[in-house]
Structures are given as C-alpha cells and as structure tokens.
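Coordinate inspection notes
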Amino acid sequence: MGKIEICDAISKEHVNGMCYSRTVSKESDIFYCAKITDNEVRSYCYENLGTVTKNVSYCGKVTIDSAKGSCYLNVSVAKKDVSICENIEYEYTRMVCYMAVAAADLNPSLCEKIDKDAKDGIYNMRDSCYLRVAIEKSDYKICELITVENALSCYAYVAEKTGNFSICQGSGGCYERVAKSTKNLALCDKVGPIYKEVF
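Residues numbered from 1 in each chain as written. Predicted model: local features only at pLDDT ≥ 70, side-chain atom pairs only at ≥ 80, totals over all residues. Heavy atoms only, no water.

**Thoughts on the environment of K26**
Here K26 lies in the loop between α2 (13-23) and α3 (30-35). Exposure remark for K26: the relative accessible area of 46% places this residue in the partly exposed category. Between the C-alpha atom of K26 and that of K54, which follows or precedes it by 28 residues, the distance is 9.8 Å. Beyond its immediate chain neighbours, meaning those up to four positions away, K26 contacts L49 and T53. (Helix = DSSP H or I, 4+ residues; strand = E, 2+ residues; numbered from the N terminus. Buried < 20%, exposed > 50% of the residue type's maximum accessible area, 1.4 Å probe, protein only. Contact = heavy atoms within 4.5 Å.)

Structure representation (structure tokens):
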C-alpha cells in the first residue's frame, strides 16, 4: 500500500482530505483531490499537485486566492517561466513571482517587470530583485542597475559571496560591511584605522 492509499483508511472526512492534499505527487493523483469535499482542503490539494507536477492547469482549479497565487508562483519558478506570474491576481504576489523567477533564471532583465516604485516594507522590490540575481549569479555588474542608496549593499553581498573584495571599488562602507561579516581584519586597512575598533 502506497502513502496515498493510507489516506483511504482515515474515516474522518477533513483529516482524510488533509492527508490526500499532503501526499499527492503525480498527475494521476488528481482523482484524490477531486474526492475532497471541503473546498479549502481541496484547493490546497490542487495547489500541492500543481507544485509537485509543475502543471499550471491545476492552479486554475484552486479557489482560495492565496493558495492560487502560491501555486502559480511555485510553478513559474520551477519552470523558470515568468509568463505564468501574469495569472496571479494580487499585485504584490505577482511582483514576488517576477523576483523569484528572475533569481531562479539568473535573468536581471525580468526585474524590469516589477514596478519601480513597488515596496516590500521599506525596501524597493525592483532593487531587491536585482540584488537577488546579482548574488545568485555572483555578478557585481548587476549592482549598477540598483538605485544609488541600495547599491552599496549589493556590492558588499557579491564581494562577500565571491571573495573578490576589489568589487568594493574603494568604498569604505563596502569594505566595512564585508570585513564585519567575514571577520577579515585585513580589509580594515582599506577602510581606515577607525574601523579596526569594531572587531
């Protein structure tokens, strides 16, 4: 007996449905999602099935908005297909989808789909997207696309990841951040004697 068949033995309908929604793993398992009577649990079953099979058609069967957006986001990242993000109703989740696909595909041009004024708390989402791609790709040149006030962080993260401290290009603030995070005292000489006291 496979994992999913074990769910058949559960007599409580809600628990039975939750079991199906957590164990679906292949296209033919759609039958189990359809058996679930609770709308919310059935939606999460379709979301999980869409995610694990990378089949966007299951996302369309989801009736809970947050789960539907999550399904489209997960499938778009798995397939590295930004066009799937367009199916997401909520703008914030759609922007997060663009960012996630850009990072997965190592494609900074996808960040341009994010509204230049979109914010995630205090952070500019387009800058955050460029930052993620720059770090994933270990490419400091992508930092040049970031607004001036956020570029320092980008250079520092890429320098830290790559170990190429020349990326800091003489910026004391960049060297300071990398020196602190890596505990590399030799970098303190590049920022000046005042920063040696930080360690």
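**A closer look at helix α5 (residues 65-79)**
Side chains that are three or four residues apart share a direction in an α-helix, a result of its 3.6 residues per turn. Taking 1.5 Å of rise per residue, 15 residues should cover 21 Å, and α5 covers 21 Å from first to last C-alpha, within 8% of that figure. Three or more residues of α5 are buried, namely A67, G69, C71, Y72, L73, V75 and S76. Those residues of α5 that are buried lie in contact with α4 (39-53) and α6 (91-105). Immediately beyond the C-terminal end of α5, within one or two residues, lies K80, with a positive phi of roughly 55 degrees. (Expected span 1.5 Å × (residues − 1).)

**Structural notes on the state of the cysteines**
Under the defined criterion, the tally for this structure stands at five disulfides. What pairs with C33 in a disulfide is C45, and their sulfur atoms sit 2.1 Å apart. What sets the handedness of the C33 and C45 disulfide is the S-S torsion sign, and at about -75 degrees it is left-handed. One end of the pair, C33, is in helix α3; the other, C45, is in helix α4, and twelve residues separate them in sequence. Accessibility assignment for this pair places C33 and C45 in one class, buried. A sulfur-sulfur distance of 2.0 Å marks the disulfide that ties C143 to C154. On the sign convention where negative is left-handed, the bridge of C143 and C154, at about -75 degrees about the S-S bond, is left-handed. Of this pair, C143 sits in the loop between α7 (125-137) and α8 (148-162) while C154 sits in helix α8; the two residues are eleven residues apart in sequence, bridging distant segments of the chain. The exposure classification of C143 matches that of C154, with both residues buried. (Disulfide = S-S within 2.5 Å.)

**Examining the environment of L152**
Topologically, L152 is positioned in helix α8. On the basis of relative accessible area, L152 is assigned to the partly exposed category, the value being 32%. A sequence separation of 21 residues divides L152 from G173, and the C-alpha atoms of the two residues are 7.4 Å apart.

**Some remarks on the confidence of the model for the protein**
Across the protein, the average pLDDT comes to 83, with 81% of residues at 70 or higher. Counted against residues more than four places away or in other chains, residues 193-199, with its pLDDT under 50, gives ten contacts. (pLDDT = per-residue confidence, 0-100.)

**A short note on the packing of α7 against α8**
Two numbers describe how α7 lies on α8: the axes approach to 9 Å, and their chain directions differ by 15 degrees. In terms of axis orientation, α7 runs roughly parallel to α8. For the pair α7 and α8, the crossing hand works out as right-handed. Along the contact surface, α7 presents D127, L131, A134, I135 and E136, while α8 presents N150, S153, C154, Y157, V158 and K161. Among the residues forming the contact of α7 with α8, the class breakdown is six nonpolar, two polar and three charged. (Axes fitted to C-alpha atoms, helices over the stretch in contact; angles between N-to-C directions. Parallel < 35°, antiparallel > 145°, perpendicular 65-115°, else oblique. Left-handed = near helix turned anticlockwise from the far one by under 90°. Nonpolar A, V, L, I, M, F, W, Y, C, P; charged D, E, K, R; others polar.)

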